[in-house]
Amino acid sequence: MNQLDNIISDRGSRYSVSGGVAETREAAEALLKELKRNKKYAKATHNTWAMILPDGTPLKSDDGESGAGMVIVRMLEREELLGHVIVVTRWYGGKHLGGDRFRHVQDAVTAYLSAFCRGG
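Nothing here was measured: the structure is a model prediction, and the numbers come from that model. (Residues numbered from 1 in each chain as written. Predicted model: local features only at pLDDT ≥ 70, side-chain atom pairs only at ≥ 80, totals over all residues. Heavy atoms only, no water.)

Draft legend 1. Fine view of the overall build of the protein chain. In terms of regular secondary structure, the protein chain is built from four helices and five strands. Secondary structure elements of the protein chain, listed N to C terminal, follow the sequence β-β-α-α-β-β-α-β-α. Here the protein chain has a C-alpha radius of gyration of 13 Å; the compact-globule value for 120 residues is 14 Å, and the two agree. Along the three orthogonal principal directions, the C-alpha set of the protein chain runs to about 40 × 30 × 25 Å. Accessible surface for the protein chain amounts to roughly 6,000 Å². Of this, 47% is attributable to carbon and sulfur atoms. Of the side chains in the protein chain, 17 bear a positive and 15 a negative charge, and the two mean positions are spaced by 8 Å. (Helix = DSSP H or I, 4+ residues; strand = E, 2+ residues; numbered from the N terminus. Rg over C-alpha atoms; globule rule 2.2 N^0.38 Å. Areas by Shrake-Rupley, 256 points an atom, 1.4 Å probe, with all protein chains shown as cover. Lys, Arg positive; Asp, Glu negative; His and termini not counted. Charge placed at Lys NZ, Arg CZ, Asp CG, Glu CD.)

What follows is the structure in C-alpha cells.
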C-alpha cells in the first residue's frame, strides 16, 4: 500500500491519502481493512475511497463525506487509471470546511497521483 501521511491541514482537520492496485471491489475492501488495522486510520472521521474497475465501472464510498467519493472518481477518470483504489482520510478538526473539503480531497489525490502513478 502506498501512503502519504498528514499532507494537508486546515482549521484543525488533517488529511492523508493511501492506495494501491485493486482489480475488484473485494481487493479494494481488503486494502481498506489493511489501512484500518492502524488504529489512527480506524478512528478517522472519514475514509473516503474510489476506484474504477478494469471494465470501466466506478466504485466509491463517501464514508460520511458527502460527494467526496465522486471527486476521486472524476480524477481517476481524467487519469484513465483503472484497477487502482485511492483512499482520502480526514480527521475532523472541529470546524466545518464547507467547499474547501472538496479542494482538499482533490489536492490529496493529486499528491498521490504525482507520487505513485506518474513516475513522480
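Draft legend 2. Focus on unusual backbone geometry. In this model, Arg-11 sits at a positive phi of 50°, which is unusual for a non-glycine residue. In this fold, Arg-11 is placed in the loop between strand E1 (2-10) and strand E2 (13-21). Although it is not a glycine, Glu-80 sits at a positive phi angle of roughly 55°. Tracing the backbone through its elements, the reader meets Glu-80 in the loop between helix H3 (68-79) and strand E5 (84-91).

Draft legend 3. Local environment of the sheet that holds strand E4 (residues 58-61). Across the sheet, which stays open at both edges, the five strands sit in the order E1-E2-E5-E3-E4 with antiparallel pairing between neighbours. Strands at the two margins of the open sheet, each flanked by one partner only, are E1 and E4. Neighbour-to-neighbour, the strand axes of this sheet turn through a mean angle of 15°, independent of strand direction. (Pairing = 2+ DSSP bridges. Axes fitted to C-alpha atoms, helices over the stretch in contact; angles between N-to-C directions.)

Draft legend 4. Looking closely at the packing of aromatic side chains. Scanning the model with the defined rule gives two aromatic pairs in all. Where Tyr-41 meets Trp-91, the ring centres are 5.2 Å apart and the plane angle is 65°; that geometry is what we call edge-to-face. Of the two residues, Tyr-41 sits in helix H2 (residues 39-42) while Trp-91 sits in strand E5, which places them 50 residues apart along the sequence. By the burial criterion, Tyr-41 is buried, and Trp-91 matches it. (Phe/Tyr/Trp six-rings, centres within 6.5 Å; stacked < 30°, edge-to-face > 60°. Buried < 20%, exposed > 50% of the residue type's maximum accessible area, 1.4 Å probe, protein only.)

Draft legend 5. Structural view of the nonpolar core. Ranked by internal contacts, the top residues of the largest apolar core, which has 20 residues, are Ile-72, Leu-76, Ile-86, Val-88, Val-105 and Val-109. Mapped onto this core, the elements with two or more residues apiece are E2, strand E3 (46-52), H3, E5 and helix H4 (100-117). Of all the elements, H3 adds the most residues to this core, at six residues. Discounting chain neighbours no more than four positions away, the residues touching Ile-72 are Thr-48, Trp-49, Ala-50, Ile-86, Val-88, Val-105 and Val-109. Counting residues in each nonpolar core, the second largest holds 14 residues, with Trp-49, Leu-53, Leu-59 and Val-85 among its members. (Core = buried A, V, L, I, M, F, W, Y, C linked by side-chain atoms within 4.5 Å. Contact = heavy atoms within 4.5 Å.)

Draft legend 6. Geometry of the pairing of E3. With respect to burial, E3 is a largely interior element, seven of its seven residues being buried. Residue alternation in E3 divides its side chains into two sets, His-46, Thr-48, Ala-50 and Ile-52 and Asn-47, Trp-49 and Met-51, and both sets are buried. With five bridges connecting them, E3 and E5 associate as antiparallel partners. Along E5, the bridge assignment pairs Asn-47 with Thr-89. Bridging between E3 and E4 involves four bridges; their strand directions are antiparallel. When the bridges of E4 are listed, Ile-52 appears paired with Pro-58.

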